[in-house]
Amino acid sequence: MRGRAAQVAAKARALAVRKPLTVMTAVAVASLCGGAALNAAEVARMHGVATANEQGIEDTRRDAQREINALAARMGELQAQANRLNALGDRLARGAGLEDGEFDFDRPVGQGGAEPARDMPARKLLGGMDALDGDLASSGQQLSVLEALLFDRRIEQNALPSRSPVASSFVTSSYGYRADPFGRGGQFHKGIDFDARTGDRVMTVADGVVSYSGVRSGYGNVVEVDHGNGYVTRYAHNSRNVVKVGDLVRVGDEIAKAGSTGRSTGAHVHFEVWENGRVQNPRQFLGDMGVSRQ
C-alpha cells in the first residue's frame, strides 16, 4: 500500500510539473464541493432555528391572545356591574328627589397624577381588576340596602295622609270650633271642607284598604280608608261611592264622586284624619300640597 501511495504521489507531482493549470482547477473544484457541502449544512441548521423561533413566536402570540381574551371577559363583567350600579344610582337619585345634575352618573369623573407612567405587568393589572370587582360588589350591596330603605320610606310616606283629596281645590272650612253653617249656634268641625263640584273625583290621600263604604248620619255617603299604623281617613257628603269594603286603593285613586249628601249646604268634600281612634287636624298632614284657604 505504501508503494502504491508513493506511486500516486509521484504521478501527481509529475502531472503538476507538466500541467499545473489542470491540477489547480481540480483543487478549486474540490474546494468548492466541500464548501457547498458546508453551506448546505449551515443553511439547514439556520432553517431549523428559524422554524423553532417561528413556533416559539406563535406559541407566545397564542398565550398573549388567551390573556387578552381573559382580560376582555373580565372587563365585560366589570362593565356590566358598573352599568348596573349607574342605573341603580340614577334610580335612587330620582327616588330621593335629588336635584337634576347633582349626581350625573353619565359624566366622567376627573382624574390626574404628576408621576410618570410605566408599563403595567399583566399580573398587576389582573390584581387591580380583582380589587375593582370587589369594590363594585361591595358598592352594589350598599346601594341595594339603600334602595330597600328608600322603598320602605316611600311605602311609609304613601301610607301617611299627606295629599289633597280633591284636585285644584281650596279649603272652605277649617278644623275646629266654628259657627254652624245652618245657623244653629256653634259646633266642633272634625275635618276640613274642600271646594268641589258635584261629580268631581274624590281621591284617597294615601295607600290603604277601604274599611267602610256606605251612609253615616249627618255625613251622607261616606268612604273610610284604613292606611295601617293607626291611620284612617274619612271622605264624606259624596254624591256616589265608587269603592267597596276590602278594596285595595293607592294614593290618588278615585274612591267617590263629590256631592252634597247628608247635612250639607252645597257640593264639597269633607275630609277627616283619625289616628288610633282619635280625630286629628288634617292640616298637619296636608302640609304645602297646593291647598289654600280662600
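To start, this report covers the structure provided alongside it.

What counts and what doesn't
- Residues numbered from 1 in each chain as written.
- Predicted model: local features only at pLDDT ≥ 70, side-chain atom pairs only at ≥ 80, totals over all residues.
- Heavy atoms only, no water.
- Helix = DSSP H or I, 4+ residues; strand = E, 2+ residues; numbered from the N terminus.
- Contact = heavy atoms within 4.5 Å.
- Areas by Shrake-Rupley, 256 points an atom, 1.4 Å probe, with all protein chains shown as cover.
- Phe/Tyr/Trp six-rings, centres within 6.5 Å; stacked < 30°, edge-to-face > 60°.
- Lys NZ or Arg CZ within 6 Å of the ring centre and 35° of its normal.
- Salt bridge = Lys/Arg side-chain N within 4 Å of Asp/Glu carboxyl O.
- Buried < 20%, exposed > 50% of the residue type's maximum accessible area, 1.4 Å probe, protein only.
- Pairing = 2+ DSSP bridges.
- Polar contact = N/O pair within 3.5 Å; in protein donor to acceptor, adjacent residues only side chain to side chain.
- Core = buried A, V, L, I, M, F, W, Y, C linked by side-chain atoms within 4.5 Å.

**Structural notes on the overall build of the chain**
Within the chain, the secondary structure is distributed over four helices and 13 strands. Taking as baseline every contact in the chain between residues at least 6 positions apart, the subset at least 24 positions apart corresponds to 63%. Put simply, the chain shows about 19,500 Å² of open surface, and 56% of that area lies on carbon and sulfur atoms.

**A few points about the packing of aromatic side chains**
Scanning the model with the defined rule gives four aromatic pairs in all. Of the aromatic side chains, those joined through ring pairs into one cluster are Y175, Y177 and F188. Positioned over the ring face of Y212 is R216, at 3.9 Å from the centre of the ring. Of note, R234 hangs over the ring of Y219, and the distance from its end group to the ring centre comes to 4.9 Å.

**What about the pattern of salt bridges?**
Tallied over the full model, the rule gives eleven salt bridges. In this structure, R234 and E224 form a salt bridge, with 2.8 Å as the shortest nitrogen-oxygen distance. Taken as a pair, R234 in strand β8 (residues 231-238) and E224 in strand β7 (residues 220-228) lie far apart in primary sequence, ten residues in all. Overall, the relative accessible area of 12% leaves R234 in the buried class.

**Let's talk about the sheet that holds strand β11 (residues 254-257)**
An order of β5-β11-β9 is seen for the three strands of this open sheet, with the pairing classed as antiparallel. The open sheet has two free edges, formed respectively by β5 (201-203) and β9 (240-241), since each of these has just one partner strand. Relative to β11, β5 runs antiparallel, the two being bridged by three bridges. Counterpart to R201 in the pairing with β11 is K257.

**Focus: the side chain of S173**
Relative to the helices and strands, S173 is located in strand β1 (residues 171-173). A polar side-chain atom of S173 sits 2.6 Å from a polar atom in the side chain of R178.

**Some details on the side chain of N221**
Assignment of secondary structure puts N221 in strand β7. A polar atom in the side chain of N221 sits 3.3 Å from the backbone oxygen of S239.

**Looking at the nonpolar core**
Counting 22 residues, the largest nonpolar core has F194, V202, V223, Y235, I255, V269 and F271 as its most contacted members. Broken down by secondary-structure element, the contributors of at least two residues to this core are β4 (192-195), β7, β8, β11, β12 (268-275) and α4 (283-286). Counting residues per element, this core draws most heavily on β12, which supplies three residues. If sequence neighbours within four positions are ignored, V223 has contacts with V210, Y212, S213, T233, R234, Y235, N238, N241, V243, I255 and A256.

**As for unusual backbone geometry**
Positioned with a positive phi, S168 is a non-glycine residue whose angle comes to about 50°. Along the polypeptide, S168 turns up in the loop between α3 (122-158) and β1. S168 sits in the exposed class, given a relative accessible area of 83%.

**Brief notes about the pairing of β11**
Note: β9 against β11, two bridges, orientation antiparallel. Counted as the bridge partner of R240 is K257 from β11.

**Describing the environment of G186**
Structurally, G186 can be placed in strand β3 (residues 186-189). The exposure class assigned to G186 is exposed, which follows from its relative accessible area of 62%. Sequence-distant contacts of G186, defined by excluding residues within four places in its chain, comprise R178, A179 and D180.

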